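# Coordinate analysis (summary)
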Amino acid sequence: MSRLFLFGVFCFLSFSFGPSIQARGQLDTSKINGKIKTVKSLIDSRDFHTAQQLSHEIINNSQESNYLSGIAWGKYYLADAYFGLSGVDSALFWMQEAIRGFIYTQDFESQISAYNRMGNYLLRTDSNDSSSLYFNKAITIATEINDSVGLANAQHGLGKAMAQMGLYAESMDLYTQALAIRERLNDDIGIASVLNNIGIIFWYQGDFSNALDFFFRSLHLHSEANDLQGLAYQYNNIGLVYRDIKDYTKSVENLKKSWAIKIQINDRRGISNSLMNIGSVFLQQDKLDSALIYLDQSSLIKEQIKDRGGLAAINRYKGEVYRKLKLYHKSIEFLSMSQNSYKVLNKPKGIAEATVQLGITYFEIGQHTKALALMDEAISIVSNTQLLELKDLIYHTLYEFYDNLGNCEKSLFYYKHYVAIHDSIMGQNILKNLLTIQLKSEHDAIIQKYSLQKDSELEQVEKEKRSKTRLAYFFMVAFLLSLITSALFLYTLRKKQLFNDKLGLQQLEVERQKQELIEQRDELEIQKNLVIYQRDRIINMLTDLGESIDYAKKIQQAILPTPQMLQQYFADYFTIYQPKESVGGDFYWVGNCGNKIGFAAADCTGHGVPGGFMSMLGISMINDMITRESVHTPATILAALRQNIINALGQKGREDDSYDGMDIALCTYDRETHILTYAGANLPILINTDSPVEPSERIAVHFDGLVELKPDRMPVSYFDKMDAFHEVQYRLNPGDTIYMFSDGFMDQFGGEMSKKFGHTAFRSLIHSLKGLPMNQQKQVVWTSLDKWKGETENQTDDILVLGLRLT
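To keep things clear, this report deals only with the structure shown in the data block. Here the residue index of a chain counts from 1 through its sequence in written order. Only residues with pLDDT of at least 70 are given local features in this predicted model, and only at 80 or more are side-chain atom pairs given and counted; all residues enter the totals for whole chains, interfaces and linings. Water and hydrogen atoms play no part in the side-chain values, which are based on all heavy atoms of the structure.

### A few points about the pattern of salt bridges
Definition used for salt bridges: Asp or Glu carboxyl oxygen within 4 Å of a side-chain nitrogen of Lys or Arg. Within the structure shown, the criterion is met by 22 salt bridges. The closest approach of N and O atoms between D690 and K770, which form a salt bridge, is 3.1 Å. Taken together, the residues span a long stretch of sequence, with D690 in the loop between β6 (685-688) and β7 (699-702) and K770 in the loop between α25 (759-768) and α26 (774-789) at a distance of 80 residues. As a salt-bridge pair, R698 and D712 come within 2.9 Å of each other at their nearest N and O atoms. With R698 in the loop between β6 and β7 and D712 in the loop between β8 (706-709) and β9 (728-731), the pair connects residues that are 14 residues apart, well separated along the chain. Look at the salt bridges and you will find they share partners, linking R316, E320, K349 and E353 into a network. Put simply, DSSP marks the helices as runs of H or I at least four residues long and the strands as runs of E at least two long, and each gets a number from the N terminus on.

### Describing the packing of aromatic side chains
When two rings of Phe, Tyr or Trp (its six-membered ring) have centres within 6.5 Å they constitute a pair, described as stacked for plane angles under 30 degrees, edge-to-face for angles over 60, and tilted for the intermediate range. Evaluation of the coordinates by the stated rule reveals 21 aromatic pairs. On the basis of an interplanar angle of 25 degrees and a centroid distance of 5.7 Å, the ring pair of W73 and Y77 is categorised as stacked. Taken as a pair, W73 and Y77 lie in helix α4 (residues 68-84) at a separation of 4 residues, close to a single helical turn. Y77 carries the same exposure label as W73, and that label is buried. With a centroid separation of 4.8 Å and an interplanar angle of 50 degrees, the aromatic rings of Y399 and Y415 are classed as tilted. Note that Y399 is positioned in helix α20 (residues 388-405) and Y415 in helix α21 (residues 408-559), a separation of 16 residues in sequence. Relative accessibility decides the category of a residue: with a 1.4 Å probe and only protein chains considered, values under 20% of the type maximum give buried, values over 50% give exposed, and everything between is partly exposed. Overall, Y399 belongs to the partly exposed group, its relative accessible area being 24%. Among the aromatic residues, those joined into a ring-pair cluster are F741, F745, F757, F762 and W788. Only when the NZ atom of a Lys or the CZ atom of an Arg is both within 6 Å of the ring centre and within 35 degrees of the ring normal do we say a charge sits over the ring. Positioned above the aromatic ring of Y134, the side-chain terminus of K137 is 5.2 Å from the ring centre. Looking at K370, its charged tip hangs above the ring of Y362, at a distance of 5.6 Å from the centre.

### Focus on the packing of α4 against helix α5 (residues 88-105)
Axis angles are defined between N-to-C directions and span 0 to 180 degrees, where every axis is a line fitted to C-alpha atoms and, for a helix, only to the segment in contact. Where α4 contacts α5, the two axes come as close as 8 Å, and the packing angle between them is 160 degrees. As summarised for this structure, α4 and α5 are arranged roughly antiparallel, according to the angle between their axes. Relative to α5, the crossing made by α4 is left-handed. Residues L68, S69, A72, W73, K75, Y76, L78, A79, D80, Y82 and F83 of α4 form the contact with α5, whose participating residues are V88, S90, A91, W94, M95, E97, A98, G101, F102, Y104 and T105. Taken together, the residues of the contact of α4 with α5 break down into 15 nonpolar, 4 polar and 3 charged. Here roughly perpendicular refers to angles of 65 to 115 degrees, roughly parallel to angles under 35, roughly antiparallel to angles over 145, and oblique to all remaining angles. Whether a crossing is left-handed or right-handed is set by the direction in which the near helix is turned from the far one by less than a right angle, anticlockwise for left-handed and clockwise for right-handed. Whether two residues are in contact is decided by their heavy atoms, any of which lying within 4.5 Å being enough. In the scheme used here, Gly and all other residues not listed as nonpolar or charged are polar, with Ala, Val, Leu, Ile, Met, Phe, Trp, Tyr, Cys and Pro taken as nonpolar and Asp, Glu, Lys and Arg as charged.

### What about helix α3 (residues 48-65)?
If you check α3, its first and last C-alpha atoms are 25 Å apart, about what 18 residues at 1.5 Å a residue would give, namely 26 Å. Tucked inside the fold, the buried residues of α3 contact α2 (29-44), α4 and α5. N66 occupies a position one or two residues after α3 and carries a positive phi of about 55 degrees. Every helix has an expected span of 1.5 Å times one less than the residues it contains.

All we've got here are geometric facts, nothing functional implied.
Okay, here's the thing in structure tokens:
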């Protein structure tokens, strides 16, 4: 009777849900492409959390449709979303996955875009060598397929990497090539970005006039395009130039403009840079408390986003602050960290700046030999560069050192070098100012001469024009007066006629519109009634479906072992049973096998309604088989269960046959001999014990006292290999705990890298439960699952974990 009832429920729910399950995988690739466009817009608007969720959805939908391009683009934008949320490691991982997808689909333009994006990620982490490798790959492919946009982006990115390594000539050459392409393409935003980076090179070399010129040109283009992020960068760079020429009011004004825009667009890296730069201005003004406040706030953000270059700069600024506060040990600590970081990042300018500040600090505390050695090191770094401002500082500092030490010869030597460099800087500035004044004077003279000549010519023409037109005006006025009189008469006559015609047409139009409104009202009423009918019908269908599923859930719960049954058979226990949907494909069973205790945990094919039917079928078959005297051992039970499933589902090995079945671990326990007999189909069991165990082919020992009994590698269903099931016997000792489980826990995605929990981590978790009461063990397992899954991951599969103590 119970079999007939279960079969009837199975048929009803299969008929109700069959069509929806069949259509699950039939996704339209055009819808996926629409989602890809949407996630790009979300990233452009900096809504990274929503973009992250939608990217996961794109990947899942594309995998169901086997849409390889969609999978690759989903991973591409998932990397962008992680990068926007400062998850640099996750961004690098997913972009590498996207690159593999584009290579597999031979989408060369997308490969170029992904290589450039990877290069920019690495550039943000100051991994200049690695970023250069990816930019060079993009240049190679873009050149081969003549992709101008990709080539310009790659050249621009490689130029930034070269600039960070102090290779300014190579960087300027790459910027020039990228600028030529973007001007040809009329790409204003791209042109503005290159102009900004050229200005940065001039700024690094102390050429503040040219730097400001390029920055203001870039600012104008960003403003016309309403590019908020570009405006934020330009205000920041302009503020830094004003800081270096000691115009602190304009510096702070521009830096705070940049800061406000970055807060508006939620640019965390940019916010940290603004805080750091404002702190550096306060440092130069000797407002040391304010400087430390801004630098500490910036440091917190940069540690979160792993901005190594930014942290190196902050440590250098903090070292200067603490030196000015006479806290020399802290000054040396921060300056040394900055110097070491810049060496790792291979940034010559940063190394030299940190080394100079270290030298000044050591000289102030009386370690003159150490200080002079550091200054010599700084000279060797900048000797072959155009960093004139830094050379000026080094030579002036050495002049003061030797003057303080009373070494007149070396003091004079470095003073001459300082004067030469300083004169070179001043000479360049004076020459630029003179040329500017001269050009302005010549320009004004030319404009004035041209204006006087044009005024004279215009005056002569105006005189001739006035004399010729006076007579024409008289005749024109007379003609116009007569024309106006005639026109007024005709206009009045025509207006009256048109008014009468219009009145008749309006009356006809009113009648026509009235009839249309009546028809539209009737049509809307019909559509309204149809919508209400369809709504009510859908609600009734959903209600019926929900009630059917809830009833199936109650049936499944009713046939699982009750807590009273578990207390009857086991000394202590815990169960974690979490189906992915209302009903699940995992089940556990307890009963008597002759004079022994029998218990099992199983994972049926699928989850939801199909898995639920398989679980109920499996429990029903096991309960039926243990009543026979010939089927009491785990191996014979599994063999009989396999044959029953094959017969019930009509599995004969044909191509169109279903291969539904289950993986199961089944044990019997003899209370008198304390012997546990185990047989398994793809599901092992784990035992926490304090007793020594000898490993064998079927028994593995992990950690200290965690024993694994291994299963046969074949399911309980039709399979290529259908050998007899093997049994493993194990003697239980007092306090030993048995753990049975499905693969749902190990297959759950989660963690920072969104990967599976895995078997190794699960065994480690089970071993950590050793010695805990069973209720605490359940809490630890459940908390670990919830923490691993987090808030963004959905449950992957049905989850079942049993903890059992028999003695």
